[in-house]
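# An overview of the molecular structure
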Amino acid sequence: MEVETPSGVTVWLIGDPHLGRKFETGVPLDRRGEREARQLQKFKDELATDCDINIMVGDLFDHPQVSLTTILEATDAYLNAAQNNPKRTYVAMAGNHDRSRQLGSIGAWELFRRLIGDDHPNIWVVDKPTFIDCGDYEQIACVPWQWGKPVVEQIEAMGESEHVPLVVLHHDLESFGGDDTYLVPAQLIRELFPNARIITGHWHLEGDYKLGGVEVTCTGSLEPYTHAEDPNGDLYVTLTVEELAAADPADLRDKAVRVLLRDGDELPIGLDCLQLTGKRISELENDEPSVADKLGTFDWKAILDEHLKEVPGYVREFIDERLHPA
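Residues numbered from 1 in each chain as written. Predicted model: local features only at pLDDT ≥ 70, side-chain atom pairs only at ≥ 80, totals over all residues. Heavy atoms only, no water.

### Topic: helix α3 (residues 108-116)
So the rule is basically this: For every residue, the accessible area (1.4 Å probe, protein chains only) is compared with the maximum for its type, and the residue is labelled buried under 20%, exposed over 50%, or partly exposed between those bounds. Numbering of helices and strands runs from the N terminus; a helix is a DSSP stretch of H or I covering at least four residues, while a strand is a stretch of E covering at least two. Contacts are residue-level and defined by heavy atoms, with any inter-residue pair within 4.5 Å sufficient.
Among the residues making up α3, those that are buried are Ala108, Trp109, Glu110, Phe112 and Ile116. Where α3 is buried, its residues meet β3 (53-56), α2 (68-84), β4 (89-93) and β5 (123-126).

### Remarks on the pairing of strand β12 (residues 236-240)
Selection rule: Pairing between strands is defined by DSSP: at least two bridges between them are needed.
A large share of β12 lies buried, amounting to four of its five residues. Where β12 lies against strand β13 (residues 256-261), five bridges are found, and the strand directions are parallel. The residue of β13 that forms the bridge with leucine 239 is valine 259.

### A word on a nonpolar patch on the surface
Just so we agree on the cut-off: Patches were defined on residues exceeding 30% relative accessible area and lacking a salt bridge, with like-charge contacts within 9 Å and nonpolar side-chain contacts (Val, Leu, Ile, Met, Phe, Trp, Tyr) within 5 Å. Each accessible area is a Shrake-Rupley estimate made with a 1.4 Å probe; only the visible protein chains count as cover when residues are assessed. Only one rule defines a salt bridge in this text: a Lys or Arg side-chain nitrogen within 4 Å of an Asp or Glu carboxyl oxygen.
Taken together, Leu68, Leu72, Ile106, Leu111 and Leu115 make up a surface patch of nonpolar side chains, about 450 Å² in accessible area. Of all the secondary structure elements, the ones that give two or more residues to the nonpolar patch are α2 and α3. Summarising the element assignment, isoleucine 106 is placed in the loop between β4 and α3.

### Notes on the packing of α2 against α3
How we decide: The axes used here are C-alpha line fits, helices contributing only the stretch in contact, and every angle between their N-to-C directions lies in the interval 0 to 180 degrees. Orientation labels follow simple angle bins: below 35 degrees gives roughly parallel, above 145 gives roughly antiparallel, 65 to 115 gives roughly perpendicular, and whatever is left gives oblique. Should the near helix be turned anticlockwise from the far one by less than a right angle, the crossing is termed left-handed; should it be turned clockwise, right-handed. Classification used: nonpolar for Ala, Val, Leu, Ile, Met, Phe, Trp, Tyr, Cys and Pro, charged for Asp, Glu, Lys and Arg, polar for all others including Gly.
α3 packs onto α2 with a crossing angle of 40° between their chain directions and a minimal axis gap of 10 Å. Considering their axes alone, α2 and α3 lie oblique with respect to each other. The handedness of the crossing between α2 and α3 comes out as right-handed. Here α2 contributes Leu68, Ile71, Leu72, Ala74, Thr75, Tyr78 and Leu79 to the contact with α3, which in turn contributes Ala108, Leu111, Phe112, Leu115 and Ile116. A per-class count over the contact of α2 with α3 returns eleven nonpolar, one polar and no charged.

### Describing the confidence of the model for the protein chain
To keep things clear, this is the line we draw: Every residue carries a pLDDT, the predictor's confidence in it, which falls somewhere between 0 and 100.
This prediction gives the protein chain a mean pLDDT of 88; 86% of its residues lie at or above 70. Note on residues 290-299: pLDDT under 50 across the span, and 13 contacts to partners over four residues away in sequence or across chains.

### A short note on the nonpolar core
Short version of the rule: We call a set of buried Ala, Val, Leu, Ile, Met, Phe, Trp, Tyr and Cys residues a nonpolar core when their side-chain atoms join them within 4.5 Å.
Counting 29 residues, the largest nonpolar core has Phe43, Leu47, Met56, Leu60, Phe61, Tyr78 and Phe112 as its most contacted members. Taken together, the elements giving at least two residues each to this core come down to β2 (10-14), α1 (34-47), α2, β4 and α3. Dropping the residues within four chain positions of it, leucine 47 is found in contact with Ile14, Asn54, Ala77, Tyr78, Ala81, Arg88 and Tyr90. Counting residues in hydrophobic clusters, the runner-up holds 22 residues, among them Ala141, Met158, Val164 and Trp203.

### As for the sheet that holds β3
The five strands are arranged β1-β2-β3-β4-β5 in an open sheet whose pairing can be described as mixed. Looking at the sheet topology across the chains shown, the edges are occupied by β1 (2-4) and β5. Taking the axes of each pair of neighbouring strands and ignoring which way they run, one obtains an average angle of 20° across the sheet. As paired elements, β4 and β5 share four bridges and run parallel to each other. Bridging across to β5, tyrosine 90 finds its partner in isoleucine 123. Against the sheet, α2 touches β3, β4 and β5, its axis set at about 160° to β4. Sheet contacts for α3: β3, β4 and β5; angle to β5, the most-contacted strand, approximately 155°.

### A word on the sheet that holds strand β14 (residues 275-280)
Strands sit in the order β12-β13-β14 across an open sheet of three strands; the sheet is parallel. The open sheet terminates on both sides in strands that have one partner only, identified here as β12 and β14. Direction aside, neighbouring strands of the sheet carry axes that sit 25° apart on average. For β13 and β14, the ladder comprises six bridges, and the chain directions are parallel. Residue pairing for β14: valine 257 is matched across the bridge by leucine 276.

### Things to note about the pattern of salt bridges
One pass over the full model with this rule turns up twelve salt bridges. Among the salt bridges present, the one from aspartate 254 reaches arginine 38, with a minimum N-O distance of 3.7 Å. Pair noted here: aspartate 254 is in the loop between α7 (249-252) and β13 and arginine 38 is in helix α1, with a separation of 216 residues, a long-range link. Relative accessible area serves as the criterion here: at 34%, arginine 38 is assigned to the partly exposed category. Here the salt bridges share partners, and the residues they tie into one network are Arg31, Glu34, Arg38, Arg253, Asp254 and Asp272.

### Re the side chain of glutamine 146
Relative to the helices and strands, glutamine 146 resides in the loop between β7 (139-143) and α4 (151-157). A relative accessible area of 16% places glutamine 146 in the buried class. Excluding residues that lie within four positions of it along the chain, glutamine 146 makes contacts with Arg99, Asp127, Lys128, Pro129, Gln154 and Tyr182.

Below, the structure written as structure tokens:
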């Protein structure tokens with residue numbers, strides 16, 4: 001996603017990459033690893049996009065703990081991009097998937113930050129509220145995800161300014177059970193930065209949303225990761241058995257295909273595609289969205305707050321620690 005500041009500075013925003021995600025369910029054995037390679041290449045391509053400032057809006061990694069290969073690939077991608085484009089500023093913001101809820105633990109994000117180091121002046125690894133200069137007077141306010149740190153506190157600590165054309169966050173667009181610790185404080189941002197456009201990652205569907213009457217733009221993710229995140233069917237397609245039989249197999253080779261099955265239907269085999277899964281039509285009509293479809297906004301804290309309201313806080317913390325080991 002590209003935006004331009006009033007002074008003409010071009011900013012390219014990379015939606016949640018989620019490097020390290022494994023694509024295995026329904027993936028043919030001979031195509032295992034292909035989706036991961038395409039994902040990494042797309043990320044590199046976005047780093048190479050022509051602009052003045054490149055901002056990755058959070059969730060560089062799919063989990064706080066990913067393989068060392070994934071960490072090195074992400075590090076090399078940034079170092080190579082920064083070396084090839086020395087006049088371009090690169091900003092990598094921390095997201096909720098990057099950092100463990102166990103504060104102080106060492107994970108993928110911490111290793112990435114240390115590998116990048118301090119010797120590359122055009123790379124900013126941002127894990128606390130930071131202003132990025134983008135002209136003689138303009139500054140971009142970058143607000144990463146910080147576990148245990150309400151986003152309102154982060155915004156208030158930055159003060160106020162009329163010279164901030166862009167506020168970039170990695171936070172929720174929807175309130176979960178009254179706990180708005182990580183909800184984009186759109187009205188507060190509008191008060192403190194009256195001339196700023198508000199953009200956030202975290203929410204995997206690209207588009208413009210209204211929070212308290214204030215417009216917030218969401219970058220979406222680097223690429224869709226579920227059928228629910230791909231309403232246009234660019235990568236994920238859903239077909240009936242008849243539609244699949246009539247389709248050109250070549251058109252489906254690079255698609256994640258879901259086949260709708262009536263009672264008695266069997267999932268076809270032998271289709272050359274990135275992923276092949278089936279779903280009973282009765283399930284599709286009657287079921288709530290699947291867990292897989294909800295992963296883009298999956299939030300253990302929201303679930304605990306909703307279902308364990310009467311449980312003492314220290315008990316909830318104990319349960320959450322067991323669900324999110326360091």
